[in-house]
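So the chains spell out like this:
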Amino acid sequence: MYTILFPSDYFNRNKIDTELEQEYIAAKKAGFGVMLFDYSFWFESKKLVLNQNVDCDLVLYRGWMMKPELYCKFEKQLKNLGYYLIVDFSSYKRLHEFVNVYPIIRNDTAPIMKFPLHTRIDVEFIKSTFGRFMVKDYVKSVKESDFPVYFDSTITQAEFDGWMEKFYQYRGDLLTGGICIKKYLDLKKYDGYTNEYRAFYYHNELMILMKSSNQSDACCNPPFELIHKYKILDSPFFTLDFAQLEDDSWIIIESGDGQVSGITDSSQTETFYRMLKEKN
């Protein structure tokens, strides 16, 4: 049995971060030991301080995303304290950065191109290849801003260069890896909601599948074959996100490390930890 490690409240290392309280309670209810690390010390000073010591030396992290280089420090400092992460640095980076998974799943996801950070991207070449496309770094796009959801054939080089400057500003310290240009595909909608699901895999077996876009329970699930096709990806705990296209086909739209992937359907929080306990 391993211990679940959560980030603490910003001001109190002995109190769970408010946004993770439901998970913290569910983990304890399922029978897991829990431990906290000081949020402010870690994310501001890069010094790992735990609120207590436990007998179990195996740890599964549940909390906020970390850039791979920060996760590497996280793993090393935990080892110095006598604890070992279930998901090591290599596995974390592999699934956290979509471009690492892409060569394996390319037949079941949108085409992408990748570029080094701060490289000027030839938008005419992109337009001739993809038509419509979206911009991300290796992990996330920019949301809840004026940044376009996608670009099309009307975008000029000068306009695109301006938007890329904004992209770097908006991602800021969260900017990860490089730039990922992804072909934009239309997702099917039911009453205004897309039909998306997140699958958590634990030791190469499906652990739980949950809705991730507030869609109706009447919406169909991703095909069984697709859900199980990539359960063999090289990590002990990871996620894949699936979405239905307008033509009713299904694709993978994201990959992620299972420790930092959110529970997209809060009604399944207790089920999530119960299944994690059973798999453990």
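Residues numbered from 1 in each chain as written. Predicted model: local features only at pLDDT ≥ 70, side-chain atom pairs only at ≥ 80, totals over all residues. Heavy atoms only, no water.

Q: What exactly am I supposed to notice about the pairing of strand β11 (residues 205-211) here?
A: Within a regular strand, the side chains alternate between the two sheet faces. Bridge count for strand β10 (residues 196-202) against β11 is six bridges, and the pairing is antiparallel. Residue pairing in the sheet places Tyr 201 in a bridge with Leu 206 of β11. Counting the residues in the hairpin turn of β10 and β11 gives two residues, including His 203, whose phi is positive at 50°. (Pairing = 2+ DSSP bridges. Helix = DSSP H or I, 4+ residues; strand = E, 2+ residues; numbered from the N terminus.)

Q: Help me understand the side chain of Ser 235, please; the structure alone is not making it clear to me.
A: Its location among the elements puts Ser 235 in the loop between α8 (224-229) and β12 (237-244). Non-local contacts of Ser 235, meaning those with residues more than four positions away in its chain, are made with Val 87, Ser 91, Leu 95 and Asn 204. (Contact = heavy atoms within 4.5 Å.)

Q: Explain the packing of helix α3 (residues 68-80) against helix α4 (residues 89-96) here, please?
A: Working note: a packed helix pair is described by the angle between its axes plus the distance between those axes. Where α3 meets α4, the axes come as close as 9 Å, and the angle between the chain directions of the two elements is 155°. The pairing of α3 with α4 is recorded here as roughly antiparallel in orientation. Classified by chirality, the crossing of α4 by α3 is right-handed. In contact with Pro 68, Tyr 71, Cys 72 and Glu 75 of α3, α4 contributes Phe 89, Tyr 92, Lys 93 and His 96. (Axes fitted to C-alpha atoms, helices over the stretch in contact; angles between N-to-C directions. Parallel < 35°, antiparallel > 145°, perpendicular 65-115°, else oblique. Left-handed = near helix turned anticlockwise from the far one by under 90°.)

Q: Would you mind showing me how to read the sheet that holds strand β4 (residues 84-85) here?
A: Strands in a sheet are paired, the pairing made by backbone hydrogen bonds, and the direction either parallel or antiparallel. One open sheet holds the four strands; their spatial order is β2-β1-β3-β4, and the pairing between them is parallel. Looking at strand neighbours, the two that pair on one side only are β2 (33-37) and β4, the edges of this open sheet. With five bridges connecting them, strand β1 (residues 3-7) and β2 associate as parallel partners. Note that in β2 the partner of Leu 5 across the bridge is Met 35.

Q: What exactly am I supposed to notice about the packing of aromatic side chains here?
A: In this description, a pair of aromatic rings is defined by centroid distance and the angle of the planes. Under the criterion given, the structure shown has 28 aromatic pairs. Where Tyr 10 meets Phe 11, the ring centres are 4.9 Å apart and the plane angle is 80°; that geometry is what we call edge-to-face. Aromatic pair Phe 37 and Phe 43: ring centres 6.4 Å apart, planes at 45°, arrangement tilted. You can call Phe 37 buried: its relative accessible area is 0%. Across from the ring centre of Tyr 150, 5.2 Å away, lies the NZ or CZ of Arg 132, which sits over that ring. (Phe/Tyr/Trp six-rings, centres within 6.5 Å; stacked < 30°, edge-to-face > 60°. Buried < 20%, exposed > 50% of the residue type's maximum accessible area, 1.4 Å probe, protein only. Lys NZ or Arg CZ within 6 Å of the ring centre and 35° of its normal.)

Don't take any of this as a statement about function, it's just geometry.
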